[in-house]
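Chain by chain, the residues:
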Amino acid sequence: MTCPSCAAEAPKGARFCPACAAPLAAASGSPAPEDATELAPAAGFPTPSSGSGSPPSSTPGSGAGGERFVPGALLAGRYRVVGLLGQGGMGEVYRADDLKLGQPVALKFLPQAVAADDEWLSRFLTEVRVARQISNPHVCRVYDVGEAEGHHFLSMEYIDGEDLASLLRRIGRLPQDKAVQIARQVCTGLAAAHEQGILHRDLKPANVMIDGRGNAKITDFGLAGLAESFTREDAFSGTPAYMAPEQLAGREVTRRSDIYALGLVLYQLFSGKPAFEGKSVAEISRLHQETSPTTPSSFVEGFDPTVERVILRCLEKEPGQRPASALAVSAALPGGDPLAAALAAGETPSPEMVAAAGAEGRLESRAALALLGAFVLLTVAFVLLAARYQISAVIPLDKPRDVLIDRARELIESLGSDRDQVADSAFRFGYDGDLLRYLKRPHRSGDSWQLLRGGRPAALFFWYRESPRLMAPELGFSTRVRQDDPPLLVSGMESVVLDTRGRLIEYARVPPQLEDGGASSGAESPAPDWEVLFGAAGLEIASFTPASSVWVPRFHSDRRAAWVGEVPELPGTEVRVEAASYRGRPTSFQLLGPWSRAERQVDIVRTAGWMANQAASVVLIVLVLMAGIWAARRNLRAGRGDRRGASRLALSMFGIQLLVWLLESHHTGQAGDEFGMLVRATGLALFVSAALWLLYIGLEPFVRRYTPEGIISWSRLLAGRWQDPLVGRDFVLGAVVGTGLTVIGLSAIPLIRWIEKTPLLPSVVWTDPLLGSRWTASSLLEAIPNATFGAMFLVFLWFLLCWILRRRELAAVVLLGLVTFSQVAQDTFSFVGLALSLGMALLVLVVLMRVGLLCLIVSNIFGAVLANLPISLELSSWYALGSWVVLIVVATAVLYAWKLALGGRPLFPEARPAGLARPGSSGR
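In this report, we go over the structure that sits alongside the text. Predicted model only: the values in this text are computed from it and were never measured. (Residues numbered from 1 in each chain as written. Predicted model: local features only at pLDDT ≥ 70, side-chain atom pairs only at ≥ 80, totals over all residues. Heavy atoms only, no water.)

## Digging into the nonpolar core
Rule in force here: Note on terminology: a nonpolar core comprises buried Ala, Val, Leu, Ile, Met, Phe, Trp, Tyr and Cys residues joined through side-chain atoms within 4.5 Å. Partly exposed describes any residue whose relative accessible area lies between the buried limit of under 20% and the exposed limit of over 50%, with all areas from a 1.4 Å probe on protein chains only and scaled to the type maximum. Runs of E in the DSSP output that reach at least two residues are strands. Runs of H or I that reach at least four are helices, and both are numbered from the N terminus. Residue contacts follow a heavy-atom distance rule, with two residues in contact if any of their heavy atoms lie within 4.5 Å.
Membership of the largest hydrophobic core comes to 137 residues, with the highest contact counts inside it found for Phe382, Leu504, Phe589, Trp714 and Leu815. In terms of residue count, the dominant contributor to this core is helix 22 (residues 773-805) (15 residues). Here phenylalanine 589 is in contact with Leu504, Ile505, Glu506, Tyr507, Leu533, Phe534, Ala537, Val577, Glu578 and Ala579, once residues within four sequence places are set aside. Core analysis: the second largest hydrophobic core is formed by 66 residues, Val142, Leu154, Met156 and Val310 among them.

The following block contains the structure:
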């Protein structure tokens, strides 16, 4: 196509010349599909164009004013014409009454000159299809398309008001408060269109109607369409005065093109003047592409600088420098609730918008005092309950770690070992799972608590290992030496197991692999002095009766022995001592009871509840992980995932995992061993981080879309605003909830013992805090990723249930049942325990649904730390200091968060002097 003004060649279908911006006629000589040259539309509808080839403004009809249909005419047997509302290049609009529904409507007809044109008719039908996809109170609704007397029309919502262009010509500019309200409504309507992938392409004041209640509605989607359907030729469609520079240059049309038009509308809305004024299309095109608009503050006194920054950002020449969405524009305007606007528009708010939304979060004085008081009371209750009902309060912890180490070394030396050959050693506390399962049996006679108080049988024990070689873990991802890792295979390795009072429970020594040359394999080896081992176990060999050995020793031996008898702490219970030796040196010694299990031969007895819980856990984990991978892929492809937040979370968890490795690993100093442990630790850290990254990418956009208020504080924390009052408030709330859950769990022990007369075992705690500060720090750090993963798993499960069941109430009931079941499945059934577990699960769900993710994570951390921290009220106890240091650190963190939650507000308002009246009062 050749431009009639400058003879330049223009792309096929173009409406403007790319060289001089003059309007172009259609190649066929038919009218152009839209009025491309209008500069000042009136009455909300396009005015006639004077450009060559443009359609006439109206066609003479039977009405006195030239309208096609006179008032009272009945169309399609349903619509009674009331009168002509407006006419222009895009057609005529009539007000009519829908006789079938009994409501007013607006009917839009194509101009008669182009009514038979296939292209115009196609665009007319496209307007119906596009507009019907958008459902928003700030977008004019389009009902249907019809035909009357051979004329196509569309029926749409009748808006009793005037268009914004007419209003601004009549009154100038709007007051700022009203302008902000109208601006937010326009942003909401435009965002609703963009959410459906629809570009308006002709946003201008004439296409924004203000109804009788003062609300804005976007109209006229005649040029709108799906973003991906537009070609380069479509860039020229629109009203030049409201087109983006890239459109005028014939480049792409994107959402940011509509954002530019939005900026022009806001400029005129707040200032009362167009951003660019020119006498011709070419001049306006040049102004848009080469100049910047005059700042409104230069001619409007007191213009809000915030509004000015928003408008000028929308009018950036480069699309990438404009706001990413209409809701981002709304969020940047002063006041209001951008989060509510995003949800109302059906759009997923950005992570930045979520972090910027919501209240400041500062606590009022009364609420702050109540929250702090609740934490203090719950902490005191926890200390009192823990000091009585934790297993560390029942089992005698008389000897600290170093004393038990010395006791084990003394025993090894007394058995003839050469201490100069020791290259490495390791130690740790552990629980006897066989004994704990034995004590949980419902029909077992005797009081478990009294058995534990004597220290024998030893539910908690201490093991110590020595080796002539450096020991590096070999099994799984563990980087700590364990009781059986590395396996006892090297000649000269020795293992000692003691109870908490330093009495021997088990001894093992690996015999030499190669016998001495002078030794005869068939010679009778001397018997060792078994009394040494009996004495180390605190037993009298004379009180035991020799018996046949039935427990096969772990290592090769040439002599075996066994005895049966009773120990003073277990009257009426027969215990067995099994021993073995090689060449006169003990290689094995075991104190066995009716609870002892042949672990290399018999598997753990699995109860129905235990198996059901394990099966449910596996199914849920696999289901959630698979759903997470699917959701993550879907969100990444749609560009909805918060990659920055997910990366920060994953990197922080990765760093914590590596720090745990540094603290708890058994470092040998050998390059090969250290590298191998680093690879395993890094692999585990990468797996945990990747799993959290996937869960977060898959989960966070759904939370941000449906319940963004639940992650406001979390988003602020990820954004680096860790001193934000809302972050402090949710941290304190999480601490209160986590401490409360711990108190409820500990309360179950005395309640069940009192109400149901069941000898419930005391609460099991971590053993690492008994080893020293670095192991304590490792346990505390390890609780963070575990708590985070557990909280995100629960949130993801909640959304998955909502999606499957389609009802939030039913999903909440199912989730409540699953959480309760997971807490009671592994314990002996108890009605009191069931009620308490149900209460704990209900509290967790309330936190999940009403407070948010950060509070849930913090409550998980506090619940894990406090429930597993050994507490003693006897400050002289050797392990009390470390536990109280942890409590003090935890309390300090809560106090600091509580101070942040106050946001600088004084806790106690300044008291007024007596007799001083309040401002504005009479003083009486």
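## Details of the packing of helix 19 (residues 671-706) against helix 22
Applicable threshold: Note on geometry: axes are lines fitted to C-alpha atoms, helical ones only across the stretch in contact, with angles between N-to-C directions running from 0 to 180 degrees. The scheme is simple: roughly parallel for angles under 35 degrees, roughly antiparallel for over 145, roughly perpendicular for 65 to 115, oblique for anything else. In a left-handed crossing the near helix is turned counterclockwise from the far helix by less than a right angle, and in a right-handed crossing that turn is clockwise. For this classification, Asp, Glu, Lys and Arg are treated as charged, while Ala, Val, Leu, Ile, Met, Phe, Trp, Tyr, Cys and Pro are nonpolar and the rest, including Gly, are polar.
Following both chains from N to C, one finds helix 19 and helix 22 inclined at 50°, their axes separated by 10 Å at the closest point. As far as their axial angle goes, helix 22 and helix 19 are oblique. The handedness of the crossing between helix 19 and helix 22 comes out as left-handed. Touching Ala691, Leu692, Leu695, Tyr696, Gly698, Leu699, Phe702, Val703 and Tyr706 of helix 19 are Thr788, Phe789, Met792, Val795, Phe796 and Phe799, all from helix 22. In terms of residue class, the contact of helix 19 with helix 22 is made up of 13 nonpolar, 2 polar and no charged.

## Focus: the packing of helix 11 (residues 365-389) against helix 26 (residues 880-902)
Two numbers describe how helix 11 lies on helix 26: the axes approach to 11 Å, and their chain directions differ by 170°. In this view, helix 11 runs roughly antiparallel relative to helix 26, as classed from their interaxial angle. Along its contact with helix 11, which presents Ala368, Leu369, Leu372, Phe375, Phe382 and Val383, the element helix 26 presents Trp884, Leu887, Ala891, Val894, Leu895, Trp898 and Leu902. Its residues placed into classes, the contact of helix 11 with helix 26 shows 13 nonpolar, no polar and no charged.

## Considerations on the sheet that holds strand 17 (residues 559-565)
Selection rule: Whether two strands pair depends on DSSP finding at least two bridges between them.
Here we have 8 strands laid out as an open sheet, ordered 12-13-14-15-19-18-17-16, and antiparallel in their pairing. Two strands in the sheet have a free side with no partner beyond their single neighbour: strand 12 (424-431) and strand 16 (545-547). Across the sheet, the mean angle from the axis of one strand to that of its neighbour is 20°, orientation sign disregarded. With 7 bridges connecting them, strand 18 (residues 575-582) and strand 19 (residues 585-592) associate as antiparallel partners. Residue pairing across strands places serine 581 opposite proline 586, the latter belonging to strand 19. Against the sheet, helix 13 (residues 401-414) engages strand 12, strand 13 (460-467), strand 14 (494-499) and strand 15 (504-509), with an angle of about 55° to strand 13.

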